[in-house]
Amino acid sequence: MKSGALTEAEESTWVEKTGRVVEAHQDLVRPKVQLLLALICGLVVLVILAIAVGSYDISLLKILRSLLGFENGPQRIVVWDIRMPRIVAALVAGCGLGLSGLATQSLLRNPLASPFTLGISQGAAFGAAFSIVVMGAGRMQESALRTADANSFTVHSIYAVTLFAFLGAITATVVILILARFKKMSPEAIILAGIALSSLFTSGTILVQYFATEVEIARVVFWTFGDVARSNWREIGLLGFVTVLVLAYFVFNRWNLNAITTGEETARGLGVDVNRVRLLGMFLAALVAALATAFHGIIAFLGLLAPHIGRRLAGADHALLIPYACVIGAMVLLFADTLGRMLVGSGTLPVGVLTSFMGAPVFLYLLVRGLNR
Amino acid sequence: MNLKVVGIQFSYNHSPVLDGISFNLARGQILGVLGVNGAGKSTLLKCLNRILSPKTGSILLNEFDVHKMCQNEVARHFGYVPQKYPEESFTVFDAVLLGRKPYIKWSASAHDLMIVEDILRRLNIENLAQRPANQLSGGELQKVVIGRALAQEPDVLLLDEPTSNLDLKNQLQVINIISRAVREYNISAIVSLHDINLALRFVDHFLMLKGGVVHFLSPKEMVTPADIEEVYGVRVIMSQVNGHKIIVPMDVEPERSLE
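This report concerns the structure included in the present document. Everything quoted here is computed from the prediction, not taken from an experiment. (Residues numbered from 1 in each chain as written. Chains lettered and ligands numbered in written order. Predicted model: local features only at pLDDT ≥ 70, side-chain atom pairs only at ≥ 80, totals over all residues. Heavy atoms only, no water.)

Points about the sheet that holds strand S10 (residues 213-219) of chain B
Residue and element names in this part refer to chain B.
Okay, so step 1: The strand order S6-S7-S8-S3-S9-S10 describes an open sheet built from six strands, whose pairing is mixed. The sheet is open, and its two edges are formed by strand S6 (78-81) and S10, each paired on a single side. The sheet shows a mean angle of 15 degrees between the axes of neighbouring strands, direction not considered.
Okay, so step 2: Docked against the sheet, helix H8 (residues 225-232) engages strand S3 (30-34), strand S9 (205-210) and S10, running at close to 30 degrees with respect to S9. (Pairing = 2+ DSSP bridges. Helix = DSSP H or I, 4+ residues; strand = E, 2+ residues; numbered from the N terminus. Axes fitted to C-alpha atoms, helices over the stretch in contact; angles between N-to-C directions. Contact = heavy atoms within 4.5 Å.)

Describing the sheet that holds strand S2 (residues 15-26) of chain B
Residues and elements named next belong to chain B.
Okay, so step 1: Taken together, four strands build an open sheet; the order of strands is S2-S1-S4-S5 and the sheet is antiparallel. Bordering the open sheet on either side are S2 and strand S5 (64-65), each of which pairs with just one other strand.
Okay, so step 2: Where strand S1 (residues 2-12) meets S2, nine bridges bridge the pair, whose relative direction is antiparallel. For Leu3, the partnering residue across the bridge sits in S2 and is Leu25.
Okay, so step 3: Strands S1, S2 and strand S4 (56-61) of the sheet are contacted by helix H1 (residues 41-48), whose axis makes an angle of about 60 degrees with S2.

Things to note about the interface of chain A and chain B
Okay, so step 1: The interface of chain A with chain B comprises 40 residues on the first partner and 52 residues on the second.
Okay, so step 2: Between chain A and chain B, a total of about 4,300 Å² is buried, with carbon and sulfur atoms accounting for 60% of that surface.
Okay, so step 3: Between chain A and chain B we count one salt bridge in total.
Okay, so step 4: We note a salt bridge from Lys46(B) to Glu265(A), for which the minimum N-O separation is 2.6 Å.
Okay, so step 5: Applying the counting rule to chain A against chain B returns nine residue pairs in polar contact (both at pLDDT 80 or more). (Buried area = accessible area lost by both parts, 1.4 Å probe. Salt bridge = Lys/Arg side-chain N within 4 Å of Asp/Glu carboxyl O. Polar contact = N/O pair within 3.5 Å; in protein donor to acceptor, adjacent residues only side chain to side chain.)

Structural data, given as structure tokens:
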């Protein structure tokens, strides 16, 4: 080579090996891991505060004794049967929606994607409303509107509502995947398609309500508000179980997710079976969003918000992003739910309303800040 | 090491793009793939590392059939730099580390990290290591993406128009990087290019694609103005400046007037 575009100084660094660059890289990663641990500690504190908040005063000592099983009597009932179910539900749903949002964003390489903006949540809500009103699943589910009455919520109705919610969610997902894969639509166009799907499913839900009895309408309307207070331990357990499985899948595929965010061709050049990972990943993300929606209604913006806060704090590596999105999702949802309980006193404000109020401005703020960076 | 490509055919929706491409490439050699827009240069590169599946034909690397390898194995033999890639927000270090993906089972080993550092130093971008890739200039980003392909520790480097959209200095730096990588890692490279003069500076062989077939395949010294005229439909003259062979295009036949 004659052309001397590389200078002598560049030549001298050619073979030098010191590990300094690796160290600098690790110095950059370490505080992100520490911050994650701090967030998890913060989440634990938030859980304890959330148990303490409410019309029935419980001291911190009693809370700890109840949690460890040393307390009997009313404190134990308040902690375990009234407050813990909704707290755990918030943690599980928040974690699941954060994960689902992160996965849809990365798999579609679309920062605006989330179960809510793609119409997946609305599809699930329509499916669930359909099964409640048309299939009559809700007649058995009536008591599920009140908090924590596990026995009257039969296995049959869980599965009916869940199945239909999932069918609705997967319908939306399939449409989005077809548009993204075969029509090669831009990210913005995909979101517009998501808006169209949302309106379609929302009007479907309204149509179902139109043919419903007044009691059923009340039930569906109440049901479509996102709320973590209506689920029982069985539903929480099911959502938790599925979320953990899906989480494991994405943790195992974190390098594949990283590769896919650099573009489809690069990912395939790196040995990633893009179609399989994308299809299975979207299916699992939709499953989690569908279950969360079936049990808790539409919790808006959380799936969009949690991964974006995660990206700001953790960067682009999914090894960190996945736990960040989960922890932040859980934190935001639990915080919103607890705030809702504090604001309304003995009653509750549905958490979906609060996540919208918190989510929309924070998201706008993140966008604006992002443009200036 | 020897790459042996025999009779590659590929069609997009029944319209043939490649119609029987064959060539051999020895270790340490750079093959420049040239041809007009739409001649199938990118398609050929993507067929080689199975991003696209050719209809017929075989690709043998050291007598091993590439079609019998799993996708990860292919990625350990072929490093690929696409023509276009979306913006990414990884740090430069993480972006190059991703090239170790075909080797990583659970998480990156110390060996993987040292390879990345070594590559960053070789490409002289170690000072950018902690910068997000979306804050880089086009030339810096191209080096990062080439670095990622080198981290795959390939036998063959596939580069799809690596110099388009780069300024003069970056073009020269990129071709130097490719030449050096081929020499120092003792690998081979297949580079699709539009710039014939740039190709004349660093490739060993020319493969000219026309109408889905190899129009000619020869050492660059053998390329004549007549060959280039036939492929591009432009009259050219060939000359020497400071020891560099250059091609100067004459005027094309004017298109039909707009009036």
